[in-house]
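Structural features, examined
These are the residues of each chain, in order.
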2 protein chains.
Amino acid sequence: MTAYTATSLKAELNERGWRLTPQRETILTIFQNLPKGNHLSAEDLYNLLSEEGHHISLSTIYRTLKLMARMGILRELELAEGHKHYEINQPAPYHHHHLICVRCNKTIEFKNDGILKTGSRTAQKEGYHLLDCQLIIHAICPTCQRSLLPI
Amino acid sequence: MTAYTATSLKAELNERGWRLTPQRETILTIFQNLPKGNHLSAEDLYNLLSEEGHHISLSTIYRTLKLMARMGILRELELAEGHKHYEINQPAPYHHHHLICVRCNKTIEFKNDGILKTGSRTAQKEGYHLLDCQLIIHAICPTCQRSLLPI
DNA sequence: AGCTTTATTGAGAAGGATACACAATAACTC
DNA sequence: GAGTTATTGTGTATCCTTCTCAATAAAGCT
Ligand SMILES: [Mn+2]
Ligand SMILES: [Mn+2]
Ligand SMILES: [Zn+2]
Ligand SMILES: [Zn+2]
């Protein structure tokens with residue numbers, strides 16, 4: 001959960017015998033510059049890259065998202081839309097959680113410092129190396145409560 | 001997040017114009033009697049039912065799991081195995097969270113009263129009707145840290 | 001208890017997100 | 001700069017979940 005640069009990413013990859021590629025660097029940059037509150041799916045990322053003139057294959061995108069999530073660079077969000085979303089994983093003052101309406105998928109972000117502390121403490125106590133810690137609240141938003149539509 | 005009986009489930013279903021079926025009642029019973037710490041996927045549930053002589057189609061199982069999750073009876077867990085798992089949703093003394101190894105999927109349950117309080121307060125503040133509240137910690141377990149296998 | 005309405009089921013097919021296979025490429029090490 | 005091998009791109013495969021639709025059976029009313 002530290003801020004990555006192309007250089008530090010390369011160092012961490014090489015340390016494990018892996019390589020920094022233009023594709024990986026481009027994808028990291030995209031997430032670093034993503035406005036707060038945005039989350040990208042694999043396809044979102046693919047389209048965003050295309051708009052910017054970068055062609056990176058969907059396979060590489062899926063592989064890179066998974067890689068970066070497992071390195072702790074990105075967090076993988078299950079926002080109840082049937083596919084995963086990703087955002088940059090940031091420490092304390094930016095770290096946040098998600099309140100999700102299970103009917104319309106409207107999502108609200110909120111902060112709570114205690115939760116990350118609880119997560120860190122729990123992981124440490126069990127000898128786990130922490131990657132990400134997210135509180136997910138499944139709920140029904142005011143609009144959907146008023147609507148008469150079933151489930 | 002209250003304890004359901006067949007009767008109270010029927011009441012809540014009928015109130016919305018829905019019906020209590022033998023399939024739904026059977027599935028509720030399965031989850032109520034599931035030993036602590038167990039989570040079932042759709043296919044797990046299908047097999048468990050088959051062993052007990054109940055034939056309930058996979059379609060119905062998927063529909064029922066989704067229905068009960070959206071009613072707040074079950075909680076839907078994303079345990080990083082590529083498919084969802086479900087468990088009964090219980091209030092305070094039984095309410096718990098999950099610490100998951102993203103490499104081997106080993107999962108540890110832990111309790112923390114403050115988190116459910118935070119979740120309830122946050123949902124209420126935004127006017128959301130709370131269904132479930134779960135802290136997910138993605139991490140790497142001691143065994144996987146020692147293994148040299150990539151990601 | 002019987003009748004009517006319509007939510008629900010079961011079987012199979014379809015959909016969609018993600019992973020895989022493998023030859024071509026290119027990042028790293030020396 | 002050359003050799004090694006991780007990574008990419010393309011197409012294909014896999015698997016979880018949802019959809020379709022005719023048959024069934026709960027619920028509500030007499
Ligand atoms: Mn977010
Ligand atoms: Mn559990
Ligand atoms: Zn909503
Ligand atoms: Zn592990």
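Our subject is the structure that appears above.
Okay, so let's go over this structure. This is a predicted model, so every value here is computed, not measured.

**Some details on the overall build of chain A**
When its secondary structure is counted, chain A shows 6 helices and 5 strands. Counting from the amino terminus, helix and strand elements in chain A follow one another as α-α-α-α-β-β-β-β-α-β-α. Principal axes of the C-alpha set define a box for chain A whose edges measure 55 × 45 × 20 Å. A burial count over chain A gives 44% of its 151 residues as buried. Surface summary for chain A: the accessible area is close to 7800 Å², and the carbon and sulfur share equals 51%.

**What to know about the coordination of the zinc ion (ligand 4)**
Residue and element names in this part refer to chain B. Note on the zinc ion (ligand 4): its protein donors are Cys 101 (SG), Cys 104 (SG), Cys 141 (SG) and Cys 144 (SG). The metal-donor distances range over 2.2 to 2.3 Å. Classification of the site at the zinc ion (ligand 4) as tetrahedral follows from its 4 donor atoms and the range of 103 to 113° in their angles at the metal. In the primary structure, the donors to the zinc ion (ligand 4) are separated according to the pattern C-x2-C-x36-C-x2-C. Of this pair, Cys 101 sits in strand S3 (residues 97-101) while Cys 141 sits in the loop between strand S5 (129-140) and helix H6 (142-146), and the two are 40 residues apart along the sequence.

**Let's talk about helix H4 (residues 58-71) of chain A**
All names here are of chain A. Between its first and last C-alpha, H4 extends 20 Å over 14 residues, near the 20 Å set by a 1.5 Å rise per residue. Where H4 is concerned, the buried positions are Thr 60, Ile 61, Thr 64, Leu 65, Leu 67, Met 68, Ala 69, Arg 70 and Met 71. A positive backbone phi angle near 90° is found at Gly 72, which sits one or two residues after H4.

**Considerations on the relation of the copies chain A and chain B**
Relating one copy of the chain to the other requires a rotation about an axis plus a shift along that axis. Laying chain A over chain B is done by rotating through 180° and shifting 0.0 Å along the axis; what remains is an RMSD of 0.1 Å. In the structure described here, the two chain copies are related by an operation that fits a two-fold rotation axis. Among all residues of chain A, the one whose C-alpha sits closest to the rotation axis is Leu135(A), at a distance of 2.1 Å. Interface residue correspondence from chain A to chain B reaches 100%, placing this contact among same-surface, isologous pairings.

**Description of the coordination of the manganese ion (ligand 1)**
All names here are of chain A. Donor atoms from the polypeptide that bind the manganese ion (ligand 1) are His 39 (NE2), Glu 87 (OE), His 96 (NE2), His 98 (NE2) and Glu 109 (OE), placed at 2.1 to 2.5 Å. Along the chain, the residues donating to the manganese ion (ligand 1) fall in the pattern H-x47-E-x8-H-x1-H-x10-E. With a gap of 13 residues between them, His 96 in the loop between strand S2 (84-88) and strand S3 (97-101) and Glu 109 in strand S4 (residues 107-110) connect regions that are remote in the sequence. You can call His 96 buried: its relative accessible area is 10%. A residue is classified by how much of its surface remains accessible, and Glu 109, at 26% relative accessible area, is partly exposed.

**Brief notes about the nonpolar core**
Counting 34 residues, the largest nonpolar core has Leu99(A), Tyr128(A), Leu135(A), Leu99(B), Tyr128(B) and Leu135(B) as the members making the most contacts within it. Broken down by secondary-structure element, the contributors of at least two residues to this core are S3, S4, helix H5 (113-125) and strand S5 (129-140) of chain A together with S3, strand S4 (107-110), helix H5 (113-125) and S5 of chain B. Beyond its immediate stretch of four places on either side in the chain, Leu135(B) contacts Ile115(A), Thr118(A), Cys133(A), Gln134(A), Leu135(A), His97(B), His98(B), Phe110(B) and Ile115(B). Membership of the second largest hydrophobic core comes to 24 residues, among which are Phe31(B), Ala42(B), Leu45(B) and Ala69(B).

**A look at the pattern of salt bridges**
Applying the stated criterion to the full structure yields 6 salt bridges over all chains. The closest approach of N and O atoms between Glu87(A) and Arg75(A), which form a salt bridge, is 2.8 Å. Within this pair, whereas Glu87(A) is found in strand S2, its partner Arg75(A) is found in strand S1 (residues 74-78), the two being separated by 12 residues in sequence. Put simply, Arg75(B) and Asp132(B) hold a salt bridge, and the shortest N to O gap is 3.1 Å. Placement of the pair is Arg75(B) in strand S1 (residues 74-78) and Asp132(B) in strand S5, with a sequence separation of 57 residues. The burial state of Arg75(B) is the same as that of Asp132(B); both residues are buried.

Cut-off values and rules
Residues numbered from 1 in each chain as written. Chains lettered and ligands numbered in written order. Predicted model: local features only at pLDDT ≥ 70, side-chain atom pairs only at ≥ 80, totals over all residues. Heavy atoms only, no water. Helix = DSSP H or I, 4+ residues; strand = E, 2+ residues; numbered from the N terminus. Buried < 20%, exposed > 50% of the residue type's maximum accessible area, 1.4 Å probe, protein only. Areas by Shrake-Rupley, 256 points an atom, 1.4 Å probe, with all protein chains shown as cover. Donors = N, O, S within 2.8 Å, 3.2 Å for Na, K, Ca; no water. Tetrahedral: all angles 85-135°; square planar, octahedral: opposite > 155°, others 65-115°. Expected span 1.5 Å × (residues − 1). Least-squares fit on C-alpha atoms with pLDDT ≥ 70 in both. Contact = heavy atoms within 4.5 Å. Core = buried A, V, L, I, M, F, W, Y, C linked by side-chain atoms within 4.5 Å. Salt bridge = Lys/Arg side-chain N within 4 Å of Asp/Glu carboxyl O.

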